[in-house]
Structure formats: structure tokens, C-alpha cells
Amino acid sequence: MKALVWTQKEHVEIQDIPQPDYTGRVLIKVAYAGICGSDVSVYMGKHPRAKAPLIMGHEFSGTVAAIGEGVKTDLQPGDKVVVDPLIFCGKCNACLNGNTHVCRTLNLYGVDCDGGMAEYAVVDESCILKLPADMPLKMAAVIEPVAVVIHGLRMIKKNFYASACVVGLGPMGLLTAIMLKDSGINQLFAVEANENRAQYARQLGIEVINPKDTDPVAYIMERTGNEGVEILVEASGSPAAAKTITDITGVRGEILLLSVFKEPTALDLRAINFKEQSLIGCRVYTQLDFKDAVTYTYKNLDKVAAVVSHTHPIEGGQEVFQDIIGGKTETMKVLFEL
Ligand SMILES: [Zn+2]
Ligand SMILES: [Zn+2]
């Protein structure tokens, strides 16, 4: 089968490799595989766990090609499916307490073992969610990031809040802004320094502040009567942005850390004291979040489609990754079409 294989730092190539053995597991014919920030860090050789050679991709959809010997399942060949890519141990305290998504040794398809950037992928039956028969497989590849956003928003303790700010409008931040806007919030702000991404969101009716020409702290304080926002979602992963998030957030506000920072990052802890702000960590999603992300995506196909900017065949993989790290393409979510 054809696979896009990461062989070394900043290099992926198409290889013709034998179809993997699927005894006791399920063989999936991959349709679409999304490129995530973590795939980019694998590509750049910066991911702490990934080891070459590796087939990346944890955001993928497809159809059941074959069911391995000994697998008990209701799935049938031809069923449209998506993969919940988390692999947990089931034995650590987090797992025993039902929080398998924060397993002490959490692994992922496409990082710790081969993933979806290939014609076929082999996964455990327990990771597979069956999709509605009329679900477009292209949008199904975005279910994983949707699940991240659903999980993050569910971590917020306040209900029916009136104001929020999303910092960073990559695919995750944009999805968050879309969901917050749909919740009927009174005031929604977004902060994004990439003008292309800012324009993308503005077209969807989201008010975006570009910190290159407007100071987001001063602007948001003015617009909120000097109160700041009730909810702040950090989706940029930028250390520079992290310094401002406590200023933009109001007294007793909640700050959700949706993006993954690549290194320990400075934060104004004094502001958190004096304003009694809450800082909420979050990581991936629960199995329920993932299941609900399937339904959300199915019911909101047009909204989810707004975050997909490019689709490429895997043959162009090396160029696609090079363009992403070189900042050449103004991208949102990029998918490989198999
Ligand atoms: Zn991802
Ligand atoms: Zn565990």
C-alpha cells in the first residue's frame, strides 16, 4: 500500500509498504487525514515521543475494509468510520478513575504508532466510531479537533456567560469562536496576528482584533466597560499572548488553556490572585466528547467546513509540510485525500 512515511527531521516520502497485519483488529481504508500541529512538530523532529519511520496522522476518516479474525463487532465492511486515536493503559489512577484521556502514559495513533496518512490503517475495534451513512468523509476528518473544542468548552464552569475572547484563530480557535458565537453570547472577541486568518474569521461574522495594529487589552477593556471578559480561551500557544490573557480576563473570569504550549510559559500569577481568576488546563477529549463531536459535525457540516482550507493528495506530502513550516501557505486545516 501507499503510505506517507516520516523518515527523518523535515522529511516525509511516499513508500510502497506491505499492508499491515490486522489479525484481532480492524483494517480501515483511509479517505481523509488531517494535519494537526502535533504532526508538524513530529515532522520538524520536535515531538518528544515520535520515532521515525512513522506514518503520521491521528485525525482520519475512512471505511471499514476488513475485520480481523477474532474481532467481535457490529461493524461491517464498507461502513463509514472515524477513529478516536487515544491509546490508554487502563491501569493508572487516571484511567481507573474513568479519565482515560489523561492517562499517565497516553499514546496516540500517528505519533506512538502508525496513523492515518496511508491508504490503509489498522486500529483496535474499540477506537472506531461508526458514522451516519450520508456523512461526508471529508468533514469526518475534522471530528477530532471538534472533540478537542467540545471538551475544552465543557471544562468551563460558568454557564450563560455574556462575554468571551478567543486568542488565536487556527482551526481550533476558529471552531471555538464559531461555537461560542452560536451559543448566543453577547460579546465575542478574537485576537489573531495573521491577517489572513483574521479575515477568514471576519467573513464568518467574528470580531477579530489584530494585535499588530490594535492593542487587544486596551480595546477589550474599553468595549467591556473596563471589566474584561468572563471567559478567555487561549488557542494560540504563543508565549507573547500568554502574558496578556490575565489582563483581558475580568475578575473571577475563567481562562481555558486550549492550545498546547511547547515550553513552560510566563503568566501573570499575581493577576490571578487579585482577580480570583481560574486557570483551566485541558487535554484532548473524553470518549463521550468524541461521540458528541461526531453528532456536532454531522449537524453542522457547513460550519465545520469553514475550517478546512486545503485538500491535497499525499503524493505532495513533503511540499505540503514544507509550505506549512515555511509559512508559505495561508492555511487553516489541511487535509490529505487518500
Ligand atoms: Zn489533532
Ligand atoms: Zn492509564
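Quick notes on the rules
Residues numbered from 1 in each chain as written. Chains lettered and ligands numbered in written order. Predicted model: local features only at pLDDT ≥ 70, side-chain atom pairs only at ≥ 80, totals over all residues. Heavy atoms only, no water. Salt bridge = Lys/Arg side-chain N within 4 Å of Asp/Glu carboxyl O. Helix = DSSP H or I, 4+ residues; strand = E, 2+ residues; numbered from the N terminus. Buried < 20%, exposed > 50% of the residue type's maximum accessible area, 1.4 Å probe, protein only. Donors = N, O, S within 2.8 Å, 3.2 Å for Na, K, Ca; no water. Tetrahedral: all angles 85-135°; square planar, octahedral: opposite > 155°, others 65-115°. Pairing = 2+ DSSP bridges. Contact = heavy atoms within 4.5 Å. Polar contact = N/O pair within 3.5 Å; in protein donor to acceptor, adjacent residues only side chain to side chain. Domains from an automatic or database assignment. Buried area = accessible area lost by both parts, 1.4 Å probe. Nonpolar A, V, L, I, M, F, W, Y, C, P; charged D, E, K, R; others polar. Core = buried A, V, L, I, M, F, W, Y, C linked by side-chain atoms within 4.5 Å.

Undergrad: Residue-level account of the pattern of salt bridges, with values.
TA: Tallying each qualifying case throughout the model produces eleven salt bridges. Two residues, Lys333 and Glu59, come together in a salt bridge whose shortest N-O distance is 2.9 Å. Remark: Glu59 occurs in strand 4 (residues 59-67) and Lys333 occurs in strand 17 (residues 333-337); sequence separation between them is 274 residues. Taking the shortest distance from any N to any O, the salt bridge between Asp289 and Arg154 comes out at 2.8 Å. Residue Asp289 is found in helix 11 (residues 287-299), and its partner Arg154 is found in helix 4 (residues 143-155); the two are separated by 135 residues along the sequence. In this structure Asp289 comes out as buried when scored by relative accessible area, which is 4%. Through salt bridges with shared partners, a single ionic network connects Arg154, Asp289 and Asp292.

Undergrad: Account for the coordination of the zinc ion (ligand 1), naming residues and giving values.
TA: Around the zinc ion (ligand 1), the protein supplies Cys36 (SG), His58 (NE2), Glu59 (OE) and Glu144 (OE) as donor atoms, at distances of 2.2 to 2.7 Å. Around the zinc ion (ligand 1), the four donor atoms sit at angles spanning 78 to 161°, and that spread fits a shape best called irregular. Coordination of the zinc ion (ligand 1) draws on donor residues from a single chain, spaced C-x21-H-E-x84-E in sequence. In this pair, Cys36 is assigned in the loop between strand 3 (26-35) and helix 1 (37-43) and Glu144 in helix 4, connecting sequence segments 108 residues apart.

Undergrad: Please provide a residue-by-residue account of the coordination of the zinc ion (ligand 2), values included.
TA: Around a metal, the perfect tetrahedron of four donors has angles of 109.5 degrees, and the perfect octahedron of six donors has angles of 90 or 180 degrees. Protein coordination at the zinc ion (ligand 2) comes from Cys89 (SG), Cys92 (SG), Cys95 (SG) and Cys103 (SG), with a distance range of 2.3 to 2.4 Å. Here the zinc ion (ligand 2) binds four donor atoms, and the angle range of 103 to 121° at the metal identifies the geometry as tetrahedral. For the zinc ion (ligand 2), the single-chain donor residues occur in sequence as C-x2-C-x2-C-x7-C. Placement of the pair is Cys92 in the loop between strand 6 (86-87) and helix 2 (93-96) and Cys103 in the loop between helix 2 and strand 7 (107-108), with a sequence separation of eleven residues. Across the pair, exposure class does not vary: Cys92 and Cys103 are buried alike.

Undergrad: Could you give an account of the pairing of strand 5 (residues 80-83), with specific residues and numbers?
TA: In the case of a regular strand, side chains alternate between the two sheet surfaces. Strand direction decides the pairing type here: strand 4 and strand 5, joined by three bridges, are antiparallel. Looking at strand 5, one finds that Ser61 is bridged to Val82. Direction of pairing for strand 5 relative to strand 9 (residues 128-130): antiparallel, over a ladder of three bridges. Within strand 9, the residue paired with Val83 across the bridge is Ile128.

Undergrad: Tell me what's going on with the environment of Tyr285, and back it up with residues and numbers.
TA: The residue Tyr285 is located in the loop between strand 15 (278-281) and helix 11 in this model. In this structure Tyr285 comes out as buried when scored by relative accessible area, which is 1%. Expressed as a C-alpha distance, the spacing of Tyr285 and Leu86, which sit 199 residues apart in the sequence, is 9.0 Å. Not counting the four nearest positions on each side in its chain, Tyr285 is found in contact with Asp84, Pro85, Leu86, His101, Glu144, Ala147, Val148, His151 and Phe290. Side-chain polar atoms of Tyr285 contact the side chain of Glu144, separated by 2.9 Å.

Undergrad: Residues and numbers for the domain arrangement of the protein, please.
TA: Much of the literature gives interface size as the accessible area that the parts lose upon coming together. What the domain assignment lists for the protein is domain 1 (2-142 + 307-337) and domain 2 (148-281). The C-alpha-based centres of domain 1 and domain 2 are spaced at 29 Å. Taken together, both faces of the contact between domain 1 and domain 2 bury some 830 Å²; the carbon and sulfur share is 67%. Linking domain 1 with domain 2 are zero salt bridges, by the criterion used here. On the surface where domain 1 and domain 2 come into contact, there are zero residue pairs in polar contact (both at pLDDT 80 or more). Partitioned by chemical class, the residues of the side of domain 1 that touches domain 2 number three nonpolar, four polar and two charged.

Undergrad: Requested: an account of the nonpolar core, with residues and values cited.
TA: Side chains of a nonpolar character, in soluble globular proteins, are inclined to be buried together. In this structure, Met56, Met117, Ile143, Val146 and Phe321 are the most contacted members of the largest nonpolar core, which totals 102 residues. For this core, the domains that each give at least three residues are domain 1 (2-142 + 307-337) and domain 2 (148-281). Apart from the residues lying within four places of it in its own chain, the contact partners of Met56 are Leu4, Trp6, Val12, Asp39, Val42, Tyr43, Gly110, Gly115, Gly116, Met117 and Phe321. Core analysis: the next-biggest nonpolar cluster, separate from the first, contains 14 residues, Cys165, Val191, Val217 and Ile220 among them.

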